[in-house]
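Listed below are the residues making up each chain.
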Protein chains: 2
Amino acid sequence: MIPLEIRSILEEMRAERIRGASYLARRGAKAYLLLSELREGEELEDALREMKREIPAVNRTMASLYNLARFIPVTGDPGVVRSKAEEFIRLSDEARKEIGNIGSELIDENEVVITHSFSSAVLEIFRAARKKGKHFRIILTESAPDYEGIALARELDSLGVPFEVITDAQLGLFAKRATLALVGADSVTRDGAAVNKAGTYPLALACHDTGVPFYVAAESFKLHPELSSDEVEIVERPYARQGYRVRNFLFDVTPWRYIRGIITEFGVLVPPKEI
Amino acid sequence: MIPLEIRSILEEMRAERIRGASYLARRGAKAYLLLSELREGEELEDALREMKREIPAVNRTMASLYNLARFIPVTGDPGVVRSKAEEFIRLSDEARKEIGNIGSELIDENEVVITHSFSSAVLEIFRAARKKGKHFRIILTESAPDYEGIALARELDSLGVPFEVITDAQLGLFAKRATLALVGADSVTRDGAAVNKAGTYPLALACHDTGVPFYVAAESFKLHPELSSDEVEIVERPYARQGYRVRNFLFDVTPWRYIRGIITEFGVLVPPKEI
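This is a predicted model, so every value here is computed, not measured.

Trainee: Whenever I open this one, the environment of B:Phe163 confuses me. Can you help?
Mentor: Within the element layout of this structure, B:Phe163 appears in strand E3 (residues 163-166). Placed 26 residues apart in sequence, B:Phe163 and B:Arg137 show a C-alpha to C-alpha distance of 5.5 Å. Setting aside residues no more than four positions away along its own chain, B:Phe163 makes contact with A:Tyr244, B:Ile138, B:Leu140, B:Ala153, B:Leu156 and B:Asp157.

Shown next as structure tokens:
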């Protein structure tokens, strides 16, 4: 049985509205750390077996949760669980930092970068570019109905990076004012499609139509080794407006052909035709 | 001088949030009717000269206002103004009805129609299709930040047409679930681009990408004889979210190449390559 303390972390993960796949994977890893303090032996093994189902079930679209559950072995030894969970967190920290480093090289002086929703990998790229002394400007969506964009606006304010917030419906209008598009991903499918906040796919189309290079930033643990783009099940959350139910699927799927490259900690993956 | 009563109608037109170009043109025509009761002779001529500037200035993107101002001659005879304004309203009523008739022929049994924002011409098509006894379903956007979509949902409720409301960012996700796209237009430029609520262009791109035919419904008085798509000046309205200014340009421009046809009262205009 999964202890109550861990159940409540899983509950909290399911309820998370603003932060994405990287945050949730890290939160999941911390749940494993806590579990290694609470259980040992057969009880730990039982709990770990349950976690293998429960962690990916928090959000089946997120490869990071799938890969986290695969990363932690089923064992009765709390020390092994602790060290693997710590390793996951460390690798994830290093990956994000390296993505910042690699991705910031794509940002030239006076670049105008358009993004959608909140991605911690994309934010790391902005942070790294700022540290390198580059000057650039961001166009970002408010990202209704949870307004992750406003959370990003606050971060950019504190970094001192100038930005404009737009409504989601203006993605097409503003794509042509940008010189680069950078988004995160909750998962990358095995056929190279990016699963990310709904609105990403129309942004990619508008960038394609106007010749703006479109990049996805994703740590390698977001690459899903099994899932293909036509198998993606998209989570929906309840949402209503003026008494009417409004459909609220969180993600959409951007096919490989609209993606110039996927920025990972190992380098930029480019579509097969360009290799 | 434009009389105060007319000024306040112009003010009200500028403040209108939900209803589009057809409504505003009709409201403008009614302003001319009222003017014909209030002024005559030289005073009427002066006021009409001012109206020629003021009516298009309510919203420079709307060809209907431009065409209305051209339709009413500068004259001192109130009878002429009255009869021309009445003719404009009658032609506009007939045009909308005929668009309903022509457009509803595009809706097949069990069609799934995706639309964006609120268009009275599109609503007329739905009404006509319903009258013809057709069964079909609508996917519509809430259309932030003024939520014209909810106004459309209410109309569909009273027509008994089933529908789903989605957030604007899900346009790409839902385009592939539709079999037909129908939107209105505030203007059609002389090079055949549709100026319509921001979000229309990404919808057209998503329809193009997934093979869903994309049609625009627009009375002929929405065709702008002079404006070309690169000259369109897009009106912006103030909008803020959680203390941050959010850009709020009302329209975007969908190029001819993504439009399967423009439904007018004279028939369906198709792109030159298809003629």
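Trainee: Is there a simple way to think about empty space enclosed by the protein in this case?
Mentor: One water molecule sets the probe size; rolling that probe over the atoms shows where empty space is left. In total, this model carries four cavities of 30 Å³ or more according to the counting rule given. Within this model, the largest cavity holds a volume of roughly 50 Å³. Every residue lining the largest cavity is listed: A:Asp168, A:Ala169, A:Leu171, A:Gly199, A:Pro202, B:Asp168, B:Ala169, B:Leu171, B:Gly199 and B:Pro202. Of the voids in this model, the second largest cavity is the one considered here, and its volume is about 40 Å³. Contributing to the lining of the second largest cavity are A:Glu142, A:Ala144, A:Thr167, A:Asp168, A:Ala169, B:Glu142, B:Ala144, B:Thr167, B:Asp168 and B:Ala169. Tallied by class, the residues present in the lining of the second largest cavity amount to four nonpolar, two polar and four charged.

Trainee: Explain the domain arrangement of chain A here, please?
Mentor: A common way to report how large an interface is uses the accessible area buried once the components associate. Residue and element names in this part refer to chain A. Here chain A is described as being made up of domain 1 (4-96) and domain 2 (100-269). Between the C-alpha centres of domain 1 and domain 2 the distance comes to 26 Å. Counting residues at the interface gives 20 residues for domain 1 and 25 residues for domain 2. Roughly 2000 Å² is buried in total at the junction of domain 1 and domain 2, and carbon and sulfur atoms are behind 56% of that figure. If you sort the residues of domain 1 by the area they bury against domain 2, Ile18, Thr61 and Arg96 come out on top, with a joint share of 32%. Inspection of the region where domain 1 meets domain 2 yields zero salt bridges. Put simply, domain 1 and domain 2 have eleven residue pairs in polar contact (both at pLDDT 80 or more) between them. Put simply, the parts of the chain that give the side of domain 1 that touches domain 2 at least two residues each are helix H2 (21-38), helix H4 (63-71) and helix H5 (78-104). Among the elements that take part in the side of domain 1 that touches domain 2, H4 stands out by supplying five residues, more than any other.

Trainee: Looking at this structure, I do not really get the sheet that holds strand E9 (residues 244-247) of chain B. What am I missing?
Mentor: Within a sheet, neighbouring strands are paired by backbone hydrogen bonds and run either parallel or antiparallel to one another. Pairing in this open sheet of nine strands is mixed, and the strands run E12(A)-E11(A)-E7(A)-E4(A)-E1(A)-E2(A)-E3(A)-E9(B)-E8(B) from one edge to the other. Two strands close off the open sheet at either side, each with one partner strand: strand E12 (267-269) of chain A together with strand E8 (240-241) of chain B. Here strand E7 (residues 214-217) of chain A runs beside strand E11 (residues 261-264) of chain A; their pairing, made up of three bridges, is parallel. The residue bridging A:Ala217 from the neighbouring strand is A:Ile263, located in E11(A). Packing of H5(A) onto the sheet brings it into contact with E7, E11 and E12 of chain A, and relative to E11(A) it is tilted by some 135 degrees.

Reading guide: rules and limits
- Residues numbered from 1 in each chain as written.
- Chains lettered and ligands numbered in written order.
- Predicted model: local features only at pLDDT ≥ 70, side-chain atom pairs only at ≥ 80, totals over all residues.
- Heavy atoms only, no water.
- Helix = DSSP H or I, 4+ residues; strand = E, 2+ residues; numbered from the N terminus.
- Contact = heavy atoms within 4.5 Å.
- 1 Å grid on protein atoms, 1.4 Å probe; cavity = no way out; pocket = protein on both sides within 12 Å on 5 of 7 lines; lining within 4 Å.
- Points joined across faces, edges and corners; volume = space filled by probe spheres on them.
- Nonpolar A, V, L, I, M, F, W, Y, C, P; charged D, E, K, R; others polar.
- Domains from an automatic or database assignment.
- Buried area = accessible area lost by both parts, 1.4 Å probe.
- Salt bridge = Lys/Arg side-chain N within 4 Å of Asp/Glu carboxyl O.
- Polar contact = N/O pair within 3.5 Å; in protein donor to acceptor, adjacent residues only side chain to side chain.
- Pairing = 2+ DSSP bridges.
- Axes fitted to C-alpha atoms, helices over the stretch in contact; angles between N-to-C directions.

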